[in-house]
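Single-letter residue listing:
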2 protein chains.
Amino acid sequence: MSKATIKQVAGEAGVSTATVSRVLNDSGYVSPEVKERVFGVIARLNYQPSAIARSLKQDKTFMIGVIVPDIANPYFMGISRGIEDVVGPEGFQLMFCSAGEAPDKEARLLQLLHEKRVDAIVLATSGGNVANINGLLDNGQRMVLIDRRLEDEDSAIQGDSGKEASLPKLDLVAEDNVQSAYELTKALLDEGHVRIGAVNGPTRVSTGRDRLEGVLRAMKERGVEDRLLLYSGDFSAEGGVRAVRQFLNEAEKPTAIVSLNNQMSLGVLLELVRSGLRIPADMAVASFGEVEAGRLLKEPGLYYVDQHPYEMGLKAGELLLRLIRGEDDAHSPAGHIFRHEVKRIP
Amino acid sequence: MSKATIKQVAGEAGVSTATVSRVLNDSGYVSPEVKERVFGVIARLNYQPSAIARSLKQDKTFMIGVIVPDIANPYFMGISRGIEDVVGPEGFQLMFCSAGEAPDKEARLLQLLHEKRVDAIVLATSGGNVANINGLLDNGQRMVLIDRRLEDEDSAIQGDSGKEASLPKLDLVAEDNVQSAYELTKALLDEGHVRIGAVNGPTRVSTGRDRLEGVLRAMKERGVEDRLLLYSGDFSAEGGVRAVRQFLNEAEKPTAIVSLNNQMSLGVLLELVRSGLRIPADMAVASFGEVEAGRLLKEPGLYYVDQHPYEMGLKAGELLLRLIRGEDDAHSPAGHIFRHEVKRIP
């Protein structure tokens, strides 16, 4: 016999699926007669109520909150799909919030998700919230970090007793940003470029700082760090557009651009094409993260770090399930660092 | 004097911001002494607690749930930014859920957000949930529809008393999909194309059905509807890729493709470029919705419906605020239909 569905239960009991749901969740008014009838049918059909209903018994909400700095970035959505493919079959629903790279907004979202008693929070931090996070962890909030570390700089915020807030120990799924940015820059240097424009993200967050460090390391290794042009973007396509405009106004224009996230890279490509420049003949481009649209370019040759956000999401999903189930009491949080290769669009 | 912040309150009271937050939200343990001290400082500094704290008094959660079929689609994120720019300054936070074009998943998400007592739900439906939605509305859930209508077909589902579930009256912010798809197809016909491949979305949802209707209307008007090739995509880039592969295997290949959403259009463009075809010389393309990357194409000439999701979001945000505040008791829900023009990438 196939598994009973909520529709079958509703049909047999002569009520709507919404009513069955209300009975299961004990929410909204349902008359005692109807309740009894519904429970009778549930028992007869051996209906297995959904995760939401189960949560009542298990003191779980089966809800996982995901806070990312930019919900429109395909990279974070790739991670999210990976998480969902692991936790979804176990009955968990994801709720996404976008902090817009704003620490204040992130603070409010953290508090909100905690109040809604999500079973866990997945955080790609916009920075600046170590004290708040410590407070939530003290209250038993489970949390996994993705993409970005929590940073020491935040510890300037004072804790309860006047002690400095210390960095909490949390599972982290991230990339080796320094190494990949180093290799990406080296690809340009190996082609003879030395006048290079770098489009960087906010150095408030670890990905911004680490990627810049990788670029600087490669430039210094060749002794050409004084030839570097820097533009502080904000991990947005608009940042990439503005960077190109500034670089093209330089007395000595760069011959190559290294752009340190996929959204900024899309802006860089669009603005270069709009300016009538050929890529890579007039301007070589290297992107931290693939820009799907890069394959539409007239000529091949775009360098990119081949990120695997989906695989990172699968890992984060596993960690979440272990954390929520309290498996492995001796579990000590650790960093799971993916090392991604530099490739070139053929 | 500038407005007091939670950090100032925490500093003056000698506690963490998390503790101030706990006091304001009455969540987690805080000793009576500390509570008194915090409230004293709040009074002295005339600190205005945040929306989250205010919600305790006003029986609001200041949380708005947004359910979309595809969270990775820039179109829905454009709408969301518009909503956020209206409701954010009023203290509301958005929580996003992705139904993945799956009615069952949407049903679970609707129930979950309702249980979490969100002040309103914004829904771009994946179809098939009229009965569930009626149930939530009966329980006082506020709701605004975006992009997609609720459909009569769903009314086959039986209501409580055996009556057919009727379509609820809700505010709707959407586009004139029939008209824009008609004009988009006409642009190709006017160039002499008659063998046209159409990549359509699921006809389970109003946008899928309406856009197909617009295409058919244009083809019939010219008496060439028998020359139409149809591929049922699923509003995903992969759908667009598969459509191109099928079209190119036809005995009589199309000379033009009309793709009925932006994600499918990206797939169409990528696969055409991969196949070595020039756009529009070898294959003309018309897209419902702009593909930002379309500007990277070797040659200009891509037709597109110039959607304005951000403006649609602003409108939805206004409607939400009116609904939540209970302004205008005589408010009768209405459709707000945006008519978007067909343009061409220069």
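Report on the accompanying structure. This is a predicted model, so every value here is computed, not measured.

1. So, the overall build of chain A
Helix and strand counts for chain A stand at twelve helices and twelve strands. Looking at chain A as a whole, 59% of its 346 residues are labelled buried. Across chain A, the fraction of contacts at a sequence separation of at least 24, relative to all contacts at a separation of at least 6, is 72%. Here chain A has roughly 14200 Å² of accessible surface; of this, 48% comes from carbon and sulfur atoms.

2. A closer look at the environment of Pro 202 of chain A
Residues and elements named next belong to chain A. Relative to the assigned elements, Pro 202 resides in the loop between strand E6 (196–200) and helix H9 (206–221). When the C-alpha atoms of Pro 202 and Leu 212 are compared, they prove to be 9.8 Å apart, with ten residues separating the residues in sequence. Setting aside its immediate chain neighbours within four residues, Pro 202 contacts Glu 101, Gly 208, Arg 209, Gly 233, Asp 234 and Phe 235.

3. Some remarks on the sheet that holds strand E7 (residues 229–232) of chain A
Residue and element names in this part refer to chain A. Here we have six strands laid out as an open sheet, ordered E7-E6-E8-E9-E10-E12, and mixed in their pairing. Where the open sheet ends on each side, the last strands, each with one partner, are E7 and strand E12 (342–344). The mean inter-strand angle of the sheet, taken between neighbouring strand axes irrespective of direction, is 20°. With four bridges connecting them, E6 and strand E8 (residues 256–259) associate as parallel partners. Pairing of Gly 197 across the sheet is with Ile 257, part of E8. Sitting on the sheet, helix H10 (residues 237–248) is in contact with E6, E7 and E8, with an inclination near 145° to E7.

4. Considerations on empty space enclosed by the protein
All names here are of chain A. Applying the stated criterion across every chain, the model contains six cavities of 30 Å³ or more. Within this model, the largest cavity holds a volume of roughly 130 Å³. Looking at the lining of the largest cavity residue by residue, the classes come out as four nonpolar, five polar and five charged. Both domains that furnish three or more residues to the lining of the largest cavity are identified here as domain 2 (63–170 + 311–339) and domain 3 (177–305). Taken as a whole, the second largest cavity holds about 80 Å³ of empty space.

5. Notes on the side chain of Asn 132 of chain B
Looking at where Asn 132 of chain B falls in the secondary structure, it is placed in helix H7 (residues 130–138). Engagement of the side chain of Asn 132 of chain B in a polar contact is seen with the side chain of Asn 129 of chain B, the distance being 2.8 Å.

6. Digging into the relation of the copies chain B and chain A
Superposition record for chain B on chain A: RMSD 0.0 Å, screw rotation 180°, translation along axis 0.0 Å. Taken together, the rotation and translation relating the two chain copies correspond to the operation of a two-fold axis. In this assembly the copies share their binding face: 100% of the residues contributing to the interface of chain B also contribute to that of chain A.

7. Quick word on unusual backbone geometry
All names here are of chain A. In this model, Ile 279 is joined to Pro 280 through a cis peptide bond whose omega is 10°. Tracing the backbone through its elements, the reader meets Pro 280 in the loop between helix H11 (262–274) and strand E9 (284–287). In this model, Arg 117 sits at a positive phi of 55°, which is unusual for a non-glycine residue. With respect to the helices, strands and loops of the structure, Arg 117 is situated in the loop between helix H6 (103–115) and strand E3 (120–123).

8. A short note on the pairing of strand E3 (residues 120–123) of chain B
As a general feature of sheets, a regular strand has side chains that alternate between the two faces. Residue and element names in this part refer to chain B. Of the two faces of E3, both are covered, the one formed by Ala 120 and Val 122 as well as the one formed by Ile 121 and Leu 123. Bridge analysis of strand E1 (residues 63–68) against E3 gives four bridges, and the strand direction is parallel. Across the sheet, Gly 65 pairs through a bridge with Ile 121, a residue of E3. Examined bridge by bridge, E3 and strand E4 (residues 143–146) share three bridges and lie parallel to one another. In the strand pairing of E4, Val 122 is matched with Val 144. Each parallel crossover has a hand, and for E3 linked through H7 to E4 it is right-handed.

9. With respect to the nonpolar core
Judged by nonpolar contacts, the single largest core of 92 residues is most densely connected at Val 258 of chain A together with Val 258 of chain B. In this structure, Val 258 of chain A is in contact with Leu 184, Thr 185, Leu 188, Ile 196, Gly 197, Ala 198, Val 199, Val 215 and Ala 286 of chain A, ignoring residues within four places of it in sequence. Membership of the second largest hydrophobic core comes to 54 residues, among which are Ile 71 and Leu 319 of chain A together with Phe 92 and Met 312 of chain B.

10. What about the packing of H6 of chain A against helix H7 (residues 130–138) of chain A?
All names here are of chain A. As a packed pair, H6 and H7 sit with axes 10 Å apart at the nearest point and diverge in direction by 10°. By the criterion of interaxial angle, the relationship of H6 to H7 is roughly parallel. Judged by residue contacts, Ala 107, Leu 110, Gln 111 and His 114 of H6 engage Asn 132, Ile 133 and Leu 136 from H7. Split into classes, the residues belonging to the contact of H6 with H7 amount to four nonpolar, three polar and no charged.

11. Observations regarding the sheet that holds strand E10 (residues 303–305) of chain B
Residues and elements named next belong to chain B. Pairing is mixed across the open sheet formed by six strands, whose spatial order is E7-E6-E8-E9-E10-E12. The sheet is open, and its two edges are formed by strand E7 (229–232) and strand E12 (342–344), each paired on a single side. Each adjacent strand pair in this sheet contributes to an overall mean axis angle of 20°, direction not counted. Bridge count between E10 and E12: three bridges; the pairing is antiparallel. Each bridged residue has a counterpart across the sheet, and for Tyr 303 the counterpart in E12 is Arg 344.

12. Let's talk about the pattern of salt bridges
Residues and elements named next belong to chain B. This model, assessed by the stated rule, comprises 48 salt bridges over all chains. The residue Arg 211 makes a salt bridge to Glu 175 at a minimum N-O spacing of 3.7 Å. Here Arg 211 is found in helix H9 (residues 206–221), whereas its partner Glu 175 is found in strand E5 (residues 171–175), with 36 residues between them in sequence. The salt bridge partner of Asp 282 is Arg 278, with a shortest N-O separation of 3.2 Å.

13. Considerations on the interface of chain B and chain A
Contact residues are listed per partner, giving 46 residues for chain B and 47 residues for chain A. Counting each side, the surface lost to burial between chain B and chain A is near 4600 Å², with a carbon and sulfur contribution of 60%. Where chain B meets chain A, there are two salt bridges. The partner of Glu 84 of chain A in a salt bridge is Lys 105 of chain B, with the nearest N and O atoms 2.4 Å apart. Mapped by element, the contributors of at least two residues to the side of chain B that touches chain A are helix H2 (17–25), helix H5 (74–87), strand E2 (93–98), helix H6 (103–115), H7 and helix H11 (262–274) of chain B. Residues that form the side of chain B that touches chain A fall into these classes: 21 nonpolar, 14 polar and eleven charged.

Cut-offs used in this document
Residues numbered from 1 in each chain as written. Chains lettered and ligands numbered in written order. Predicted model: local features only at pLDDT ≥ 70, side-chain atom pairs only at ≥ 80, totals over all residues. Heavy atoms only, no water. Helix = DSSP H or I, 4+ residues; strand = E, 2+ residues; numbered from the N terminus. Buried < 20%, exposed > 50% of the residue type's maximum accessible area, 1.4 Å probe, protein only. Contact = heavy atoms within 4.5 Å. Areas by Shrake-Rupley, 256 points an atom, 1.4 Å probe, with all protein chains shown as cover. Pairing = 2+ DSSP bridges. Axes fitted to C-alpha atoms, helices over the stretch in contact; angles between N-to-C directions. 1 Å grid on protein atoms, 1.4 Å probe; cavity = no way out; pocket = protein on both sides within 12 Å on 5 of 7 lines; lining within 4 Å. Points joined across faces, edges and corners; volume = space filled by probe spheres on them. Nonpolar A, V, L, I, M, F, W, Y, C, P; charged D, E, K, R; others polar. Domains from an automatic or database assignment. Polar contact = N/O pair within 3.5 Å; in protein donor to acceptor, adjacent residues only side chain to side chain. Least-squares fit on C-alpha atoms with pLDDT ≥ 70 in both. Right-handed = clockwise from strand over helix to strand, strands pointing away. Core = buried A, V, L, I, M, F, W, Y, C linked by side-chain atoms within 4.5 Å. Parallel < 35°, antiparallel > 145°, perpendicular 65-115°, else oblique. Salt bridge = Lys/Arg side-chain N within 4 Å of Asp/Glu carboxyl O. Buried area = accessible area lost by both parts, 1.4 Å probe.

The quantities given are spatial measurements derived from coordinates; they are silent on function.
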